[in-house]
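Examining the three-dimensional arrangement
The residues making up each chain are set out below.
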Amino acid sequence: TQLLEQSPQFLSIQEGENLTVYCNSSSVFSSLQWYRQEPGEGPVLLVTVVTGGEVKKLKRLTFQFGDARKDSSLHITAAQPGDTGLYLCAGDDKIIFGKGTRLHILP
Amino acid sequence: NAGVMQNPRHLVRRRGQEARLRCSPMKGHSHVYWYRQLPEEGLKFMVYLQKENIIDESGMPKERFSAEFPKEGPSILRIQQVVRGDSAAYFCASSPLSFTGSYEQYFGPGTRLTVT
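Let me sum up the structure you'll find in this document.

Conventions adopted
Residues numbered from 1 in each chain as written. Chains lettered and ligands numbered in written order. Predicted model: local features only at pLDDT ≥ 70, side-chain atom pairs only at ≥ 80, totals over all residues. Heavy atoms only, no water. Helix = DSSP H or I, 4+ residues; strand = E, 2+ residues; numbered from the N terminus. Rg over C-alpha atoms; globule rule 2.2 N^0.38 Å. Buried < 20%, exposed > 50% of the residue type's maximum accessible area, 1.4 Å probe, protein only. Contact = heavy atoms within 4.5 Å. Areas by Shrake-Rupley, 256 points an atom, 1.4 Å probe, with all protein chains shown as cover. Lys, Arg positive; Asp, Glu negative; His and termini not counted. Charge placed at Lys NZ, Arg CZ, Asp CG, Glu CD. Pairing = 2+ DSSP bridges. Axes fitted to C-alpha atoms, helices over the stretch in contact; angles between N-to-C directions. Buried area = accessible area lost by both parts, 1.4 Å probe. Polar contact = N/O pair within 3.5 Å; in protein donor to acceptor, adjacent residues only side chain to side chain. Nonpolar A, V, L, I, M, F, W, Y, C, P; charged D, E, K, R; others polar. Disulfide = S-S within 2.5 Å.

**Considerations on the overall build of chain B**
Of the regular secondary structure elements, chain B holds 0 helices and 11 strands. Scanning chain B from its N terminus toward the C terminus, one meets helices and strands in the order β-β-β-β-β-β-β-β-β-β-β. For 116 residues, the compact-globule estimate of 2.2 N^0.38 gives 13 Å, and chain B sits close to it at 14 Å. Within chain B, buried positions represent 43% of all 116 residues. Restricting the contact set of chain B to residue pairs at least 6 apart, pairs at least 24 apart contribute 52%. Carbon and sulfur atoms provide 47% of the accessible area of chain B, an area that totals close to 6,100 Å². Across chain B, the mean location of the 16 positive side-chain charges is 8 Å away from that of the 11 negative side-chain charges.

As structure tokens, this is what we get:
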């Protein structure tokens, strides 16, 4: 069974700090997606990574896909309160979602 | 450019009643997925459909739950004889199958089902 493990489960940091959250699996995925979900809303797609070693930037967010395509990381620079939310990674093949990292940025 | 639409946004049912949740995918998308989310948890896959076909229903409970995506009209997730444990947020997502083969999904706002 394919699984995606996300860590940490919860993260609360001060505005302006940097952070990294992780999405790991023992399985190879042909692509991974990252989503952000705010309370009461559906997840919103942030990025898709496809190629091993790929790095994608979305303003202050940097996404990396591991060389072996089994893991991914999301780095946020100078976190802002608007970054607060549940960050989910998802792999295709069997449409697997991790349980998410719940991020809270303190003003 | 309408996104994925779900209705109703909130649904209250008494135990034993039926719940019908509707999902209209984004224009041009022919793949629909249904997920369930309990408070403070991630998304749990239920079923994946294309028009008139169920592709993968491995996450769907064997009893009381069914889904369809007819040739015309929205996708429907139907829960018969609801129980309190069915209370959750149900999300629908739609996807085109991109040329890369990746399954980028676009989610609706969800239907929050409360069983009393």
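**With respect to the pairing of strand S8 (residues 75-79) of chain B**
The two faces of a sheet get side chains in turn, since along a regular strand they alternate between them. Residue and element names in this part refer to chain B. Of all the 5 residues making up S8, 4 are buried; the element is thus mostly covered by neighbouring parts of the structure. Relative to S8, strand S3 (residues 19-24) runs antiparallel, the two sharing 5 bridges. Looking at S8, one finds that Leu21 is bridged to Leu77. Here 4 bridges tie strand S7 (residues 65-68) to S8, and the two strands are oriented antiparallel to one another. Paired with Phe65 across the bridge in S8 is Ile79. A loop of 6 residues connects S7 with S8, the two strands running antiparallel in sequence, and Gly73 in this loop sits at a positive phi of about 100°.

**Some words on the sheet that holds strand S8 (residues 71-76) of chain A**
Residue and element names in this part refer to chain A. Pairing is antiparallel in the open sheet, where 5 strands are placed in the order S1-S3-S8-S7-S6. At either end of the open sheet lies a strand with only one pairing partner, and these are strand S1 (5-7) and strand S6 (55-58). Here the average twist between neighbouring strands, direction ignored, is 15°.

**Comments concerning the interface of chain B and chain A**
Of the residues lining the interface, 23 residues belong to chain B; the matching set on chain A comes to 20 residues. When chain B packs against chain A, close to 1,600 Å² is buried across both sides, 56% of that on carbon and sulfur atoms. Summed over the shared surface of chain B and chain A, the result is 4 residue pairs in polar contact (both at pLDDT 80 or more). Where the side of chain B that touches chain A is concerned, the elements lending two or more residues are strand S4 (31-37), strand S5 (43-50) and strand S10 (106-107) of chain B. Residues of the side of chain B that touches chain A, tallied by class, amount to 10 nonpolar, 7 polar and 6 charged.

**As for the state of the cysteines**
What the rule picks out here adds up to 2 disulfides over all chains. Residue pairing for A:Cys23: its cysteine sulfur links by disulfide to A:Cys89, the two sulfurs lying 2.0 Å apart. Measuring handedness by torsion sign, the sulfur bridge of A:Cys23 and A:Cys89 sits at about 80° and is right-handed. With A:Cys23 in strand S3 (residues 19-24) and A:Cys89 in strand S9 (residues 85-91), the pair connects residues that are 66 residues apart, well separated along the chain. The two residues A:Cys23 and A:Cys89 agree in class, both being buried. For B:Cys23, the disulfide goes to B:Cys92, at an S-S distance of 1.7 Å. Across the disulfide from B:Cys23 to B:Cys92, rotation about the S-S bond amounts to roughly -45°, and the bridge is consequently left-handed.

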